Amino acid sequence: LFTMKKILFVLVISLFSVVCLAQSKPMLLGICSRADFEKEPYSTWFSKNYADYMPSTEIISQLKSLDFKDYSIMIFLGTWCGDSHREVPRFVKVLDEIGFSQSAVTMVALSNVDSVYKQSPTHEEQGRHIYRVPTFIVSKKGEEVNRIIEFPVLTLEQDLLAILRGDDYTPNYSSYVHIANWLDKGYLTSDNISYRGLANQIRGLTRSAGELYTLGYVVSKQGAEGLKAAVNIYDITIYLYPDNYWAYANLAIAMGEQGKYAQAAKLMQKVFEMNDNPKNIAQFLELYDIVRDRVD
C-alpha cells in the first residue's frame with residue numbers, strides 16, 4: 001500500500017505542471033504577518049515584486065476616494081507557489097498605497113503536502129472553497145463580497161476597484177462558483193446526482209480540463225466525503241473533455257484510494273491507450289500494474 005501511495009503521489013504531482021511549483025523547505029503555514037515575508041528566504045521574492053510593481057496612479061486615486069472602513073481582506077497563498085510570489089506582493093502594495101488598514105488584512109499560508117494540500121494547520125480555508133492560490137477574499141462586515149482568484153482579470157487595482165464599488169465583477173474560474181455551491185448543498189456527494197446535468201450547467205464556463213481536475217484533486221484531500229465529491233468532479237471533467245487522459249488518470253487515482261481497484265485498473269488501461277506522450281508511459285504502466293494486481 002505504501003508503494004502504491006508513493007506512485008500515486010508521483011503521478012499526481014506530474015499532473016500539476018502548472019504555475020505553482022513546489023519548492024524546498026522552509027514553508028510558511030497558517031496565519032502569517034507582513035513581517036514574515038520581509039525576512040529571508042521569503043523577502044527574496046516578496047521585496048522585489050513589491051518594489052517592481054507600479055499600480056496605476058489613476059486607479060489608486062479612485063480607490064482612495066472610496067470608504068472601505070467596513071471591509072476586510074483574507075489572502076490565501078502558498079510560499080511554494082509562483083503565482084503567490086508574483087501577485088501577493090503586488091496586492092499588498094496596492095493596499096499600502098490606498099491606505100487600507102493592515103489590521104483588516106489576514107494572510108494565511110497553505111501547504112503543498114499531498115495529504116493536506118492547500119490546507120492550513122488551523123484550517124482557515126475550511127468552508128471558503130480555496131482551490132487556487134493566491135485567492136484574495138474581500139468581505140464587508142464579515143460577509144464575502146467577491147474574490148480575486150490566482151491572478152487579476154484586468155489588474156489587481158482595477159479588480160479591487162470593481163469589487164469595492166460593487167460593479168459586476170466575475171473572477172477567474174467562474175465555474176468554481178457553481179461547484180462551490182454544489183459542494184455546500186451536498187450535490188457532489190449524493191448517490192443519485194446526475195453528473196451530466198451538472199456538467200451542462202458549467203459547459204462553456206471552463207477553459208480546460210485541468211481547471212476542473214486540479215480542483216477535484218484539492219477536494220479529494222478533504223476526507224472521505226471530499227474524495228466522493230472529487231469522483232463526481234472527475235466524471236464531470238470527462239463528460240466535458242472526453243479526450244483528456246489526465247482526467248481519466250485522476251479518476252483512476254480516486255477509485256484506487258476508495259479501494260475500487262477493478263475500476264481503477266480499467267480506467268488506467270484506457271489512460272494508457274489514450275496517452276501518446278512517452279514521458280508518461282512508464283508512470284501510467286506502473287500504476288496500471290499495481291491496481292491490476294490488487295484486483296480480487
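What counts, and at which threshold
- Residues numbered from 1 in each chain as written.
- Predicted model: local features only at pLDDT ≥ 70, side-chain atom pairs only at ≥ 80, totals over all residues.
- Heavy atoms only, no water.
- Pairing = 2+ DSSP bridges.
- Helix = DSSP H or I, 4+ residues; strand = E, 2+ residues; numbered from the N terminus.
- Axes fitted to C-alpha atoms, helices over the stretch in contact; angles between N-to-C directions.
- Contact = heavy atoms within 4.5 Å.
- 1 Å grid on protein atoms, 1.4 Å probe; cavity = no way out; pocket = protein on both sides within 12 Å on 5 of 7 lines; lining within 4 Å.
- Points joined across faces, edges and corners; volume = space filled by probe spheres on them.
- Nonpolar A, V, L, I, M, F, W, Y, C, P; charged D, E, K, R; others polar.
- Salt bridge = Lys/Arg side-chain N within 4 Å of Asp/Glu carboxyl O.
- Buried < 20%, exposed > 50% of the residue type's maximum accessible area, 1.4 Å probe, protein only.
- Polar contact = N/O pair within 3.5 Å; in protein donor to acceptor, adjacent residues only side chain to side chain.
- Phe/Tyr/Trp six-rings, centres within 6.5 Å; stacked < 30°, edge-to-face > 60°.
- Core = buried A, V, L, I, M, F, W, Y, C linked by side-chain atoms within 4.5 Å.
- Expected span 1.5 Å × (residues − 1).
- Right-handed = clockwise from strand over helix to strand, strands pointing away.

A. Focus on the sheet that holds strand 4 (residues 135–140). Across the sheet, which stays open at both edges, the five strands sit in the order 1-3-2-4-5 with mixed pairing between neighbours. Taken across any chain shown, the strands that pair with only one partner, and hence form the sheet edges, are strand 1 (30–32) and strand 5 (143–149). Across the sheet, the mean angle separating the axes of adjacent strands is 25° when strand polarity is ignored. Here six bridges tie strand 2 (residues 71–77) to strand 4, and the two strands are oriented antiparallel to one another. Of the residues in strand 4, the one forming a bridge with I75 is F136. Against the sheet, helix 5 (residues 82–98) contacts strand 2, strand 3 (105–109), strand 4 and strand 5, and its axis sits at roughly 160° relative to strand 2. Lying over the sheet, helix 6 (residues 156–165) contacts strand 2, strand 4 and strand 5, oriented at roughly 160° with respect to strand 5.

B. Spatial organisation of empty space enclosed by the protein. Counted according to the given criterion, the structure contains one cavity of 30 Å³ or more. As a volume, the largest cavity reaches approximately 40 Å³. Taken together, Y217, S220, K221, L227, Y234, N250, I253, A254 and E257 make up the lining of the largest cavity. Residue assignment for the lining of the largest cavity shows that the elements contributing at least two residues are helix 9 (209–220), helix 10 (223–240) and helix 11 (245–257). Looking at the lining of the largest cavity element by element, the count peaks at four residues for helix 11. The residue makeup of the lining of the largest cavity, split by class, is five nonpolar, two polar and two charged.

C. The pattern of salt bridges, seen in detail. Using the criterion set out here, one finds 13 salt bridges in the structure. A salt bridge links E211 to R207, with the nearest nitrogen and oxygen atoms 3.3 Å apart. Given a relative accessible area of 1%, E211 falls into the buried group. Of the residues examined, R207 reaches a relative accessible area of 57% and is grouped as exposed. Salt bridges here are not isolated pairs; linked through shared partners, they connect R34, E38 and D96.

D. Molecular detail of the side chain of D114. With respect to the helices, strands and loops of the structure, D114 is situated in the loop between strand 3 and strand 4. Within the structure, D114 has its side chain in polar contact with the side chain of K221 (distance 3.4 Å).

E. Local environment of the packing of aromatic side chains. Inspection of every chain in the model, using the stated rule, returns 14 aromatic pairs. Ring centres of Y195 and Y239 lie 6.3 Å apart, and the angle between their planes is 80°; this geometry places the pair in the edge-to-face category. Here Y239 lies in helix 10 and Y195 lies in helix 8 (residues 195–202), a separation of 44 residues in the sequence. On the accessibility criterion, Y239 (30% relative accessible area) is partly exposed. Seen from their ring centres, Y245 and W246 are 5.6 Å apart, and the 45° between their planes marks the pair as tilted. Each member of the pair, Y245 together with W246, is buried. Taken together, the aromatic side chains of F37, Y42, W45, F46 and Y50 make up a single cluster linked through ring pairs.

F. Here's a closer look at the environment of G142. With respect to the helices, strands and loops of the structure, G142 is situated in the loop between strand 4 and strand 5. Spatially, the C-alpha atoms of G142 and S72 are 7.3 Å apart, while their sequence positions differ by 70 residues.

G. Expanded view of the nonpolar core. Counting 49 residues, the largest nonpolar core has I179, L188 and I236 as the members making the most contacts within it. At the level of elements, strand 2, helix 7 (175–185), helix 8, helix 9, helix 10, helix 11 and helix 12 (261–274) are the ones that each hand at least two residues to this core. Other than its neighbours up to four places away in sequence, I179 contacts L188, I202, L212, L215 and I233. Counting residues in hydrophobic clusters, the runner-up holds 35 residues, among them Y53, A162, I163 and L164.

H. Geometry of helix 9. With twelve residues, helix 9 extends 16 Å between its outermost C-alpha atoms, agreeing within 8% with the 16 Å of an ideal straight helix rising 1.5 Å per residue. Most of helix 9 sits out of view: twelve of its twelve residues are buried. Turning to helix 9, its buried residues are A209, G210, E211, L212, Y213, T214, L215, G216, Y217, V218, V219 and S220.

I. Local environment of the side chain of H85. As for its placement among the helices and strands, H85 is situated in helix 5. At 2.8 Å, the side chain of H85 forms a polar contact with the backbone oxygen of T79.

J. Main features of the pairing of strand 3. Of the strand pairs in this sheet, strand 1 and strand 3 are connected by three bridges, and their pairing is antiparallel. For I31, the partnering residue across the bridge sits in strand 3 and is V108. Note: strand 2 against strand 3, five bridges, orientation parallel. What sits directly across from I75, in strand 3, is M107. Once the chain exits strand 2 it traverses helix 5 before rejoining the sheet at strand 3, and the crossover so formed is right-handed.

Shape is all these values report; function is a separate question.
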